[in-house]
2 protein chains.
Amino acid sequence: MTTTATVAAGLQEELRERFGDRYSTAAAVRAHHGKDDSHHPVIPPDGVVFAQCTEEVAFAVRACARHGTPVIPFGAGTSIEGHVQAVRGGISIDMSGMNRVLAVRSDDLDATVEAGVTRLQLDRELKGTGLFFPVDPGADATLGGMAATGASGTTTVRYGTMGDNVVSLTAVLASGEVVRTGGRARKSSAGYDLTHLLVGSEGTLGVITELTVRLHPVPEAMAAAVCAFPGLAEAVQSVVEAVQLGIPVARAELLDATAIKAVNLYSGFDYAEAPTVFFEFHGSEADVRAHGAMIEEISRELGGSAFEYARRQDERVRLWKARHDAYPAILALRPGCHGLTSDICVPVSALARCIEETREDMSRATMPWGIVGHVGDGNFHAVFIIDPDSAAELAEAEAINERIVRRALAMEGTCTGEHGIGMGKIGFLGEEFGAVGVAAMRAVKRALDPAGIMNPGKVVG
Amino acid sequence: MTTTATVAAGLQEELRERFGDRYSTAAAVRAHHGKDDSHHPVIPPDGVVFAQCTEEVAFAVRACARHGTPVIPFGAGTSIEGHVQAVRGGISIDMSGMNRVLAVRSDDLDATVEAGVTRLQLDRELKGTGLFFPVDPGADATLGGMAATGASGTTTVRYGTMGDNVVSLTAVLASGEVVRTGGRARKSSAGYDLTHLLVGSEGTLGVITELTVRLHPVPEAMAAAVCAFPGLAEAVQSVVEAVQLGIPVARAELLDATAIKAVNLYSGFDYAEAPTVFFEFHGSEADVRAHGAMIEEISRELGGSAFEYARRQDERVRLWKARHDAYPAILALRPGCHGLTSDICVPVSALARCIEETREDMSRATMPWGIVGHVGDGNFHAVFIIDPDSAAELAEAEAINERIVRRALAMEGTCTGEHGIGMGKIGFLGEEFGAVGVAAMRAVKRALDPAGIMNPGKVVG
């Protein structure tokens with residue numbers, strides 16, 4: 001397989017000379033790096049560099065900058081808004097070889113990792129330290145990708161998003177220069193917040209190569225509980241009330257009847273096929289009992305079933321693995337199909353109404369669908385399971401999704417709680433931030449990437 | 001008093017016509033707006049606009065932009081790094097008239113306020129709601145100023161900084177256009193994080209006019225405890241161990257013997273003149289007892305005194321009022337003098353050594369000094385009490401402060417944990433972020449303020 005014509009022969013040569021076998025233009029490699037876990041079509045890059053250190057990333061970016069060639073960072077390829085597609089060709093930089101945990105500092109409750117370390121790898125490396133890293137998107141994403149996407153997950157209601165848990169970053173800018181956005185102090189008021197500017201920038205302002213992240217002490221006690229509700233509204237309301245009362249729930253995950261059916265089939269559970277919330281409580285033994293009892297009472301008043309507790313570590317792990325697999329589980333309901341996933345997030349006071357109206361929208365869809373949500377944050381996903389060969393299904397799902405997003409924006413919410421903009425949500429950016437906001441973002445983009453080589457066609461278009 | 005020659009007569013006329021009595025060029029008004037609570041000299045603006053709404057701020061900025069005249073936002077004037085001095089002349093925009101609490105939403109645990117609302121005003125307005133806003137710099141600063149400075153305070157160890165507690169902002173950009181940086185969802189991955197870009201930007205990227213902030217439920221129980229230690233090192237170590245063990249202390253404030261003496265005199269206490277930590281615990285009655293007992297045990301092993309508890313609301317309020325007044329109390333030890341205050345923040349594992357070495361530096365100073373600190377965050381302030389007429393004392397304090405900052409940077413800390421850069425710390429920005437980091441910040445500044453009219457001479461110089 002030869003490369004496309006969009007990349008200068010000189011650049012290809014430079015990369016081949018520097019990286020040898022770790023620069024690939026093989027069709028399968030390029031195709032793998034031109035798609036993520038979504039319905040967005042494959043758009044392969046012209047070549048893929050497998051980087052092993054920050055200086056190699058800097059070399060590749062400098063080479064691309066000299067040739068005006070796009071640079072697209074690639075972590076685990078698990079994003080779902082079309083973040084890695086090479087819409088203008090260019091070189092993908094695969095970060096999976098940068099997978100060393102550089103330091104775990106128990107005394108400072110932080111760790112420094114290379115960007116290609118995945119969340120499950122970090123979990124494993126933290127075993128026995130008494131510390132954990134909380135942010136857990138469903139997939140086994142890389143930490144660099146999670147930061148670039150502004151990811152969050154099931155524990156965000158208690159422990160925050162990637163933005164809340166990244167202390168500082170090392171990144172390669174469009175010039176090929178390396179910046180470190182801060183030290184390891186727990187807070188700083190020095191200069192502009194480059195850390196948060198890069199978090200969520202999806203590779204359009206720089207390639208994140210290292211991260212220092214916050215760790216949290218493993219709680220003395222943890223218990224998960226499963227509760228089925230008569231309807232979606234009641235399930236949502238149980239979580240909203242818990243959050244409004246300030247009960248520090250550690251996780252509160254909604255699965256609609258379809259998602260429960262999918263999880264039962266995919267992960268071997270036998271939950272009643274009803275709207276269900278998976279809760280988790282963290283703290284002292286007394287806290288866990290008290291928080292559980294308070295929320296069980298709230299739930300009972302809303303018609304919820306008696307709490308089915310998972311207290312043992314292996315039970316809890318199995319439960320949350322099933323929740324994390326809910327997306328592939330839902331897709332497996334219709335083999336060979338893709339997902340198109342909404343990701344809105346609204347103020348919690350609006351959530352019950354928002355989900356109810358979304359359910360009504362979805363009920364008119366001609367393809368199967370399910371709803372899962374990090375409802376403690378006001379964030380949920382309506383997943384459309386679409387036939388990849390049906391333009392009509394894609395158009396229908398996109399039209400419904402548009403309604404869902406507009407509703408969220410009207411409620412002072414956001415078009416994306418945790419998946420990012422990618423290619424998929426560029427059209428909503430102006431509706432969310434107005435022309436002035438988008439112009440400000442574009443000015444920042446031009447300032448840091450004047451030639452527009454960093455993951456072009458994403459976030460700000 | 002006539003205005004200086006640096007502002008065009010046309011601009012003066014436009015502002016007078018639009019704002020009438022709410023545009024002032026009186027000498028006293030200008031002098032008041034040309035200084036903060038620090039040792040930095042008064043540099044008055046050419047005129048002061050007293051704005052009452054976002055559109056008025058936008059009008060003033062547009063007028064200044066047309067004339068290429070600097071714009072300097074002014075909140076309560078309580079910053080301490082020279083944030084408001086009109087180093088290149090220009091118009092100060094006084095935000096204190098924008099002091100309406102626009103909405104308190106108990107169901108969403110948030111509030112929207114105009115930028116001139118002060119933290120104590122917000123405290124008062126939240127009485128009876130069961131909610132509170134945690135960020136508490138010593139002074140009664142405006143929320144807008146606190147966001148612009150990236151402020152934090154005594155509760156940051158538990159509830160976070162301004163950055164952690166601002167949901168979204170409304171701001172007037174250098175063009176005079178108004179941007180809203182987000183909605184009210186608890187999280188969002190949409191576009192570049194303009195909220196965090198403006199937090200800590202000290203008026204150099206825009207004028208913050210409204211903020212939506214997170215509120216927190218008032219804990220069921222709260223108790224403060226005072227503990228004296230044989231030395232500074234032991235006092236610091238008690239907090240470091242508590243943080244490392246993950247005990248969720250709500251406040252942990254260090255006062256050295258000098259600070260205690262100052263607080264005794266200023267606020268009528270009679271604490272032993274020894275290094276002392278003021279702790280606070282929040283949670284259920286059981287949590288508060290448990291956390292207090294754990295930390296009292298840690299403290300006792302380090303030679304700390306028995307905990308002296310303040311459980312009643314009025315006792316607690318009096319205690320924390322005294323702590324918040326520690327800065328004026330220390331200055332009052334030498335009447336007529338100014339403060340020069342370090343503000344470094346280091347990883348907690350380095351804190352005990354850092355404070356000990358700082359104490360040694362300070363012990364060679366010829367003027368009086370004291371140390372107070374938010375030690376749970378790794379942040380502390382060495383306060384030099386200097387004679388405003390002595391250039392020698394200023395030079396001596398600045399030289400020692402430089403040593404203190406360099407030590408913090410060598411420990412992967414920051415030159416400012418919460419006071420910001422202002423004019424005072426511009427020289428350290430390059431040492432903290434390197435040439436690439438500062439160049440990136442300057443590129444962002446030029447992108448959003450090409451004519452350089454927004455609070456020039458601050459942050460990035």
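Residue numbering note: each chain is counted from 1, following its sequence as written. Written order determines the labels here, with chains lettered from A and ligands numbered from 1. Local features in a predicted model are, by the rule used here, given only for residues with pLDDT of at least 70; side-chain atom pairs are given and counted only at 80 or more, and totals for whole chains, interfaces and linings are based on all residues. To get the side-chain values, all heavy atoms of the structure are used, and hydrogens and water are removed first.

Enquirer: Even after reading the chapter, I still don't get the packing of helix H9 (residues 232–244) of chain B against helix H11 (residues 285–301) of chain B, so can you show me in this structure?
Expert: For any two helices packed against each other, the geometry comes down to the angle between their axes and how far apart the axes lie. Residue and element names in this part refer to chain B. A fitted line through C-alpha atoms represents every axis, and for helices the fit uses only the stretch in contact; the resulting angles, taken between N-to-C directions, go from 0 to 180 degrees. We count a stretch as a helix when DSSP gives it H or I for four or more residues in a row; a strand needs E for two or more, and each element gets its number in order from the N terminus. Contact geometry of H9 with H11 gives a least axis separation of 9 Å together with a crossing angle of 140 degrees. In terms of axis orientation, H9 runs oblique to H11. Like other packed secondary-structure pairs, H9 and H11 cross with a definite hand, here right-handed. Taking contact as the criterion, the partners of Ser238, Glu241 and Ala242 in H9 are, on H11, Ile295, Ile298 and Ser299. Residue classes follow a fixed rule: Ala, Val, Leu, Ile, Met, Phe, Trp, Tyr, Cys and Pro count as nonpolar, while Asp, Glu, Lys and Arg count as charged, and any other residue, Gly among them, counts as polar. Its residues assigned to classes, the contact of H9 with H11 shows 3 nonpolar, 2 polar and 1 charged. What sets the label is the angle itself: under 35 degrees gives roughly parallel, over 145 gives roughly antiparallel, 65 to 115 gives roughly perpendicular, and the rest give oblique. Here a crossing is taken to be left-handed if its near helix is turned anticlockwise relative to the far helix by less than a right angle, and right-handed if that turn runs clockwise. Two residues qualify as a contact provided that any one of their heavy atoms is within 4.5 Å of a heavy atom in the partner residue.

Enquirer: In this structure, what is going on with the pairing of strand E2 (residues 47–50) of chain B? I would like to understand it.
Expert: The side chains of a regular strand alternate, residue by residue, between the two faces of the sheet. Residue and element names in this part refer to chain B. Bridging between strand E1 (residues 23–24) and E2 involves 2 bridges; their strand directions are antiparallel. Across the sheet, Ser24 pairs through a bridge with Val48, a residue of E2. Where E2 lies against strand E4 (residues 91–94), 4 bridges are found, and the strand directions are parallel. Along E4, the bridge assignment pairs Val48 with Ser92. Paired strands, as defined in this entry, are two strands with at least two bridges between them according to DSSP.

Enquirer: For this particular structure, what's the right way to read the packing of helix H15 (residues 391–410) of chain B against helix H16 (residues 426–448) of chain B?
Expert: All names here are of chain B. Direction vectors running N to C along H15 and H16 enclose 15 degrees, while the axes themselves pass 11 Å from each other. Between H15 and H16, the angle falls in the class roughly parallel. With respect to the hand of their crossing, H15 and H16 are arranged in right-handed fashion. Within the contact between the two elements, H15 uses Glu402, Val405, Arg406 and Leu409 and H16 uses Phe428, Glu431 and Glu432.

Enquirer: Got a minute to help me understand the packing of aromatic side chains in this structure?
Expert: Here a ring pair, both rings aromatic, is described through the centre-centre distance and the interplanar angle of the planes. Centres within 6.5 Å are what make two rings of Phe, Tyr or Trp a pair, Trp counting through its six-membered ring; a difference in plane orientation under 30 degrees is then read as stacked, over 60 as edge-to-face, and the rest as tilted. Under the defined criterion, the tally for this structure stands at 16 aromatic pairs over all chains. Centroid distance Phe132 of chain A to Tyr159 of chain A: 5.2 Å. Interplanar angle 85 degrees. Geometry classified as edge-to-face. Here Tyr159 of chain A lies in helix H6 (residues 156–159) and Phe132 of chain A lies in strand E7 (residues 131–132), a separation of 27 residues in the sequence. Ring plane angle 10 degrees and centroid distance 5.0 Å describe the contact between Phe269 of chain A and Tyr271 of chain A, whose orientation is recorded as stacked. The structure contains a cluster of three or more aromatic residues connected by ring pairs, namely Phe269, Tyr271, Phe278 and Trp320 of chain A. Two conditions define a charge sitting above a ring: the NZ of Lys or the CZ of Arg must be within 6 Å of the ring centre, and it must be within 35 degrees of the ring normal. Above the plane of the ring of Tyr309 of chain A lies Arg311 of chain A, whose end atom (NZ or CZ) is 4.2 Å from the centre. Its end group placed over the ring of Trp320 of chain B, Arg251 of chain B keeps NZ or CZ at 4.4 Å from the ring centre.

Enquirer: In this structure, what is going on with the interface of chain A and chain B? I would like to understand it.
Expert: By a widely used convention, the size of an interface equals the accessible area lost when the partners come together. In this complex, chain A contributes 73 residues to the contact, which on the side of chain B involves 73 residues. Here the quantity called buried area is the accessible surface, traced with a 1.4 Å probe, that two parts lose on coming together, added over both. Interface area for chain A against chain B, summed over the two sides, is near 5,600 Å², with a carbon-plus-sulfur share of 61%. When the buried surface of chain A facing chain B is broken down by residue, Lys187, Ser189 and Tyr192 of chain A rank first, second and third, together holding 17% of it. Basic side-chain nitrogens of Lys or Arg form a salt bridge, by our definition, when they fall within 4 Å of a carboxyl oxygen of Asp or Glu. At the surface where chain A touches chain B, the tally comes to 8 salt bridges.

Enquirer: Sorry, what's going on with the sheet that holds strand E12 (residues 221–228) of chain A here?
Expert: In any sheet, the strands associate via hydrogen bonds between backbone groups, in a parallel or an antiparallel arrangement. Residues and elements named next belong to chain A. Within the open sheet, the 7 strands sit side by side as E15-E12-E14-E13-E17-E18-E16. Their pairing is antiparallel. Lying at the two open borders of the sheet, with one neighbouring strand each, are strand E15 (308–310) and strand E16 (338–341). Mean inter-strand twist for the sheet, computed between neighbouring axes without regard to direction, equals 20 degrees. Relative to strand E14 (residues 276–283), strand E13 (residues 251–255) runs antiparallel, the two being bridged by 5 bridges. Looking at E14, one finds that Ala252 is bridged to Phe279.

Enquirer: Just checking my understanding: could you explain the relation of the copies chain A and chain B for this structure?
Expert: The relation between the two copies of this chain is a rotation about an axis and a shift parallel to it. Superposing the copies works by least squares over the C-alpha atoms of residues that have pLDDT at least 70 in both of them. When chain A is fitted to chain B, the residual RMSD is 0.0 Å, and the transformation amounts to a turn of 180 degrees plus an axial shift of 0.0 Å. Classification of the inter-copy transformation places it as that of a two-fold axis. The residues that chain A uses at the interface reappear at the interface of chain B in 100% of cases, marking a shared surface.

Enquirer: How should the pairing of strand E10 (residues 207–214) of chain A be read in this particular structure?
Expert: Residue and element names in this part refer to chain A. Any residue under 20% of the maximum accessible area for its type is buried, any over 50% is exposed, and the rest in between are partly exposed; the area is computed with a 1.4 Å probe on protein chains only. With 6 of 8 residues buried, E10 is to be regarded as a mostly interior element. In terms of strand pairing, strand E6 (residues 110–114) meets E10 through 5 bridges, oriented antiparallel. The residue of E10 that forms the bridge with Glu114 is Glu210. Alignment of strand E8 (residues 166–172) against E10, held across 6 bridges, turns out to be antiparallel. Directly across from Val172, in E10, lies its bridge partner Val207.

Enquirer: Explain the side chain of Thr209 of chain B here, please?
Expert: Residue and element names in this part refer to chain B. Checked against the element boundaries, Thr209 lands in strand E10 (residues 207–214). Distance and chemistry together define a polar contact, namely a pair of N or O atoms within 3.5 Å, with one atom able to donate a hydrogen and the other to accept it when in protein, and with adjacent residues in sequence counting only for side-chain atoms on both sides. Polar contacts involving the side chain of Thr209 include one to the side chain of Thr54, which spans 3.0 Å. Non-local contacts of Thr209, meaning those with residues more than four positions away in its chain, are made with Thr54, Val57, Met95, Met98, Val113, Glu114, Ala115, Thr170, Ala171 and Val172.

Enquirer: I keep staring at the environment of Tyr159 of chain B and nothing clicks. Help me out?
Expert: Residue and element names in this part refer to chain B. The exposure class of Tyr159 is buried, given its relative accessible area of 13%. When the C-alpha positions of Tyr159 and Arg359 are compared, they lie 29 Å apart, and in sequence the two are 200 residues distant. The contacts of Tyr159, once residues within four sequence positions are left out, are Phe132, Pro134, Asn165, His216, Pro219 and His282.

Enquirer: Explain the nonpolar core here, please?
Expert: For soluble globular proteins, nonpolar side chains are generally found buried alongside one another. Put simply, a nonpolar core is a bunch of buried Ala, Val, Leu, Ile, Met, Phe, Trp, Tyr and Cys residues held in one set by side-chain atoms that sit within 4.5 Å of each other. Judged by nonpolar contacts, the single largest core of 240 residues is most densely connected at Leu211 of chain A together with Leu211 of chain B. When neighbours within four sequence positions are excluded, Leu211 of chain A is seen to be in contact with Ala111, Thr112, Val113, Glu114, Ala115, Leu143, Gly144, Ala147, Met162, Val166, Ser168 and Leu169 of chain A. Counting residues in hydrophobic clusters, the runner-up holds 24 residues, among them Val226, Ala259, Ala329 and Cys337 of chain B.

Enquirer: Hey, could you run me through H15 of chain B in this one?
Expert: Residue and element names in this part refer to chain B. Multiplying 1.5 Å by the helix residue count minus one yields the expected span of that helix. The first and last C-alpha atoms of H15 sit 29 Å apart over 20 residues, in line with the 28 Å expected at 1.5 Å per residue. Buried residues belonging to H15 abut strand E16 (338–341), helix H14 (348–363), strand E18 (379–386) and H16. Once H15 finishes, Glu412 follows within two positions and takes phi at roughly 65 degrees, a positive value.

Fair warning: the whole summary comes from geometry, so function is off the table for now.
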